[in-house]
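Secondary and tertiary structure notes
Spelled out from the first residue to the last, the chains are:
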Amino acid sequence: MDKFIIHKSSLKGEVSISGSKNAALPMMAATLLTDQTCVFHNIPDVMDTRTMIKILEVLGQRIQFDNNTLVIRAKNKSGYVAPYKLVSTMRASFCCLGPLLAKQGKAKVAFPGGCVIGPRPVDLHIKGIEELGAKVVIEEGYCIAQAHKLKGAHIYLGGVFGSSVLATINVLMAAVLAEGQTIIEYAACEPEVEHLALLLKKMGADIEGEGTPLIRVTGVKELMGCEFNNIPDRIEAATFIAASLATNSFLRIKDANPFHLTSVIELTKNIGAQINIENSSFSIKPKNNLNPVNITTLPYPGFPTDLQAQFMACLCLANGISLIAEKIYPDRFMHVAELNRMGAHIQRSGPYAIVEGKKELVGAEVMASDLRASAALVIAGVAARGKTEVLRVYHIDRGYEHIEEKFEKLGAKIERQKQ
Ligand code: EPZ
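Anyway, here's the lowdown on the structure attached to this text. (Residues numbered from 1 in each chain as written. Predicted model: local features only at pLDDT ≥ 70, side-chain atom pairs only at ≥ 80, totals over all residues. Heavy atoms only, no water.)

1. Some words on empty space enclosed by the protein
Note the following rule: Using only the protein atoms, space was sampled on a 1 Å grid; points where a 1.4 Å probe fits but cannot get out form cavities, open sets with protein on both sides within 12 Å along at least five of seven lines form pockets, and lining residues are those with an atom within 4 Å of a point. Grid points are joined across faces, edges and corners, and a volume is the space filled by probe spheres set on the points. For this classification, Asp, Glu, Lys and Arg are treated as charged, while Ala, Val, Leu, Ile, Met, Phe, Trp, Tyr, Cys and Pro are nonpolar and the rest, including Gly, are polar.
A full pass over the atoms with the stated rule returns one cavity of 30 Å³ or more. Its volume calculated, the largest cavity comes out at about 30 Å³. Taken together, S20, N22, E192, D233, R234, I235 and R372 form the lining of the largest cavity. Split by residue class, the lining of the largest cavity holds one nonpolar, two polar and four charged.

So this is what it looks like as structure tokens:
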């Protein structure tokens, strides 16, 4: 397992943002809805997209992936089983369920298990496709769904924690080929969901209201192939905002979409930085003393749970006490103990963390537990006095493209040690 060795550094310069991982995965699953070829640009070359390629190949797709362009052709459409061996490494593969069911009338997708960021049920996914007329059973660890012909329905998709990104995506992809009209109420509004709907429309689907909590779908007979660009990764862009704040460095972030980052940009201004936006680029100039702030993670357009850890890392260096409320994954706090090993002063109580800002963090050996926690530890490592070793960086490789090269180009002293 590789590790990163990081020394305190200040950052400077310009970083280019890769395509969004969380938009790319559903786009790839959507190719199961057509027999024609799809070509996608700006797909990040990360472990999760590689895993999705393997799953699609098992399901009978032929795939070429060069220079961030993905060409997906249907080879043999009879595959409908997404095996546990692959699904267990990436829960997002569960979003093959909706398109397989819609196109082939059956799907057998491994039931995702536990996850280090806390319980991640799939009840809303199942409720949605059942309301479209599918019969669903859970057998031997698999979710097996069947329907001769899906029928449009009025589906309420709100859960205990609000909307669900991948449940909305699964139900949307099932509904595009269903007979009649489907209304998805309490749909997730994340840019990745909106982007998927735009792709489906380009493939011939009839969808209105994407990007809002009420999506209306009128089923069509078939979808076509198409060529489509991916959106920039808003979480990667904001990870570099957090790095700029933690290290008090002036950075320019390019090839991003600042309009997907409004909540983050507002918070960054409150923490104490000037942000200048010019189309798809923006620059951040932090002030010397960071202000403590309160953060509540919420579904889009609220502050994303996928940035809670990275912003916690920079609030460890703020001038006072910050309160973080995690409203999406109340147990997503594995990074707290690791940041405390670096001299941070964070107390967790249920879904809350109280972060008492300190003058400095001190390098230590720390363990990455999940994708975003790893990014937080890299940020803390670059900001901390001395040497930090981040172990198990395979987590970060799941979703950040060339992360150490990007940090290195900005002046960070970071080295990957192969183990
Ligand atoms: C997506 O996961 C993202 N993954 C996650 O990013 C992200 O943290 C999450 O959305 C929230 O923004 C991808 O897009 C591939 P949810 P998803 O269903 O869709 C509860 C990362 O680091 N819920 O929107 O699986 C759930 O437990 C990853 O890139 C149910 O109760 O998340 C949570 O509390 C990690 N029942 C809330 O809804 C369900 O059936 C929102 O989760 C489904 C979800």
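On we go from here.
2. A short note on the packing of helix α4 (residues 97-104) against helix α6 (residues 165-175)
So the rule is basically this: Every angle, taken between N-to-C directions, lies between 0 and 180 degrees, and every axis is a line fitted to C-alpha atoms, over only the stretch in contact when it is a helix. A run of DSSP states H or I qualifies as a helix once it reaches four residues; a run of E qualifies as a strand once it reaches two. Both are numbered from the N-terminal end. Reported orientations rely on four angle classes, namely roughly parallel under 35 degrees, roughly antiparallel over 145, roughly perpendicular from 65 to 115, and oblique for the rest. Crossings are classed by handedness, with left-handed meaning an anticlockwise turn of the near helix from the far one by less than a right angle and right-handed meaning a clockwise turn. What makes two residues a contact is simply this: any of their non-hydrogen atoms within 4.5 Å.
Two elements in contact, α4 and α6, have axes whose closest approach is 7 Å; the angle formed by their N-to-C orientations is 10 degrees. In terms of axis orientation, α4 runs roughly parallel to α6. Here the hand of the crossing between α4 and α6 comes out right-handed. The residues of α6 that touch α4, namely those facing L97, G98, P99 and A102, are N170, M173 and A174.

3. A word on the site of the ligand
Our working rule: The nearness test applies per residue and asks whether one of its heavy atoms lies within 4 Å of the molecule or strand. Definition of a polar contact: a pair of N or O atoms within 3.5 Å, with one able to donate and the other able to accept a hydrogen when the atoms are protein atoms, and with sequence-neighbouring residues admitted only if both atoms are side-chain atoms. Areas reported here follow the Shrake-Rupley algorithm with a probe of radius 1.4 Å; residue values treat only the protein chains shown as occluding.
Near the ligand, the surroundings consist of 23 residues, among which D123, S164, D306, I328 and R372 are the closest. In this structure, L166 approaches the ligand through a main-chain N or O atom, which is 2.8 Å from an oxygen atom. Measuring from an oxygen atom of the ligand, one finds a side-chain N or O atom of R372 at 2.7 Å. In isolation the ligand exposes 830 Å². Once the protein is present, 90% of that is buried. Elements that contribute at least two residues to the shell around the ligand include exactly α1 (21-30), α5 (123-131), α6 and α12 (371-383). It is α5 that provides the largest number of residues to the shell around the ligand, a total of three residues. In the shell around the ligand, the residues fall into twelve nonpolar, five polar and six charged.

4. Topic: the sheet that holds strand β14 (residues 227-229)
Note the threshold: Being paired, for any two strands, means DSSP has found at least two bridges between them.
Strand order in the open sheet made by the four strands is β4-β5-β3-β14, with mixed pairing throughout. A strand with exactly one partner marks an edge of an open sheet, and here the two such strands are β4 (61-66) and β14. Each neighbouring strand pair of the sheet contributes to a mean axis angle of 15 degrees, computed without reference to strand direction. Sheet topology places β4 next to strand β5 (residues 69-74); six bridges connect them, and they run antiparallel. The residue of β5 that forms the bridge with F65 is L70. Running at roughly 155 degrees to β4, helix α2 (residues 47-58) makes contact with β4 and β5 of the sheet. Together, β3 (38-41) and β14 form the strand contacts of helix α7 (residues 191-202), whose direction differs from that of β14 by roughly 160 degrees.

5. Observations regarding the packing of aromatic side chains
Two aromatic rings are characterised by how far apart their centres lie and by the angle between their planes. Note the threshold: Under the pairing criterion, centres of Phe, Tyr and Trp rings, with the six-membered ring standing for Trp, must be within 6.5 Å; the plane angle then separates stacked pairs below 30 degrees from edge-to-face pairs above 60, leaving the rest tilted. Only protein chains enter the accessibility calculation, which uses a 1.4 Å probe; a residue is then buried when its area is under 20% of its type maximum, exposed when over 50%, and partly exposed in between. Counted as over-ring charges are cases with an Arg CZ or a Lys NZ within 6 Å of the ring centre that also lie within 35 degrees of the ring normal.
Taken as a whole, this structure holds four aromatic pairs when the rule is applied. With 6.5 Å between their ring centres and 85 degrees between their planes, F94 and F111 make a pair best called edge-to-face. With a gap of 17 residues between them, F94 in the loop between α3 (84-87) and α4 and F111 in the loop between β7 (106-110) and α5 connect regions that are remote in the sequence. Judged by relative accessible area, which is 2%, F94 ranks as buried. For the ring pair F303 and F311, a centre distance of 5.4 Å and an interplane angle of 85 degrees mean the geometry is edge-to-face. There is no split in this pair, since F303 and F311 are both buried. Taking the ring centre of Y80 as reference, the NZ or CZ of K106 above it sits at 4.5 Å. Directly above the ring of Y142 sits K108, whose terminal nitrogen or CZ lies 5.0 Å from the centroid.

6. Things to note about α6
Because the α-helix completes a turn every 3.6 residues, residues three or four places apart line up on one side. Across the eleven residues that make up α6, a large majority, nine, are buried. Measuring from the side-chain oxygen of the N-cap residue of α6 to the backbone nitrogen of A167 gives 3.1 Å; that N-cap residue is S164.

7. Quick word on the pattern of salt bridges
Basically, it comes down to this: Counted as salt bridges are all cases of a side-chain nitrogen of Lys or Arg within 4 Å of a carboxyl oxygen of Asp or Glu.
Tallying each qualifying case throughout the model produces 22 salt bridges. K103 is the partner of D35 in a salt bridge, and the nearest nitrogen-oxygen pair spans 3.2 Å. Separated by 68 residues along the polypeptide, D35 in the loop between α1 and β3 and K103 in helix α4 bring together distant segments of the chain. With a closest N to O distance of 2.8 Å, E360 and R385 form a salt bridge. Taken together, the residues span a long stretch of sequence, with E360 in the loop between β21 (352-356) and β22 (365-367) and R385 in the loop between α12 and β23 (387-391) at a distance of 25 residues. Taking the relative accessible area as the measure of exposure, R385 reaches 43% and is therefore partly exposed. Connected through shared salt-bridge partners, D2, D397, E404, R416 and K418 make up one network.

8. Digging into the pairing of strand β17 (residues 281-286)
The side chains of a regular strand alternate, residue by residue, between the two faces of the sheet. Burial runs high along β17: five of the six residues are buried. As paired strands, strand β15 (residues 251-254) and β17 are joined by three bridges and run antiparallel to one another. Looking across to β17, one finds that I253 is bridged to F282. In this sheet, β17 lies alongside strand β16 (residues 273-278) in antiparallel orientation, the contact comprising six bridges. Residue pairing for β17: A273 is matched across the bridge by P286. Adjacent in sequence and paired antiparallel, β16 and β17 are bridged by two residues, among which N279 carries a positive phi angle near 50 degrees.

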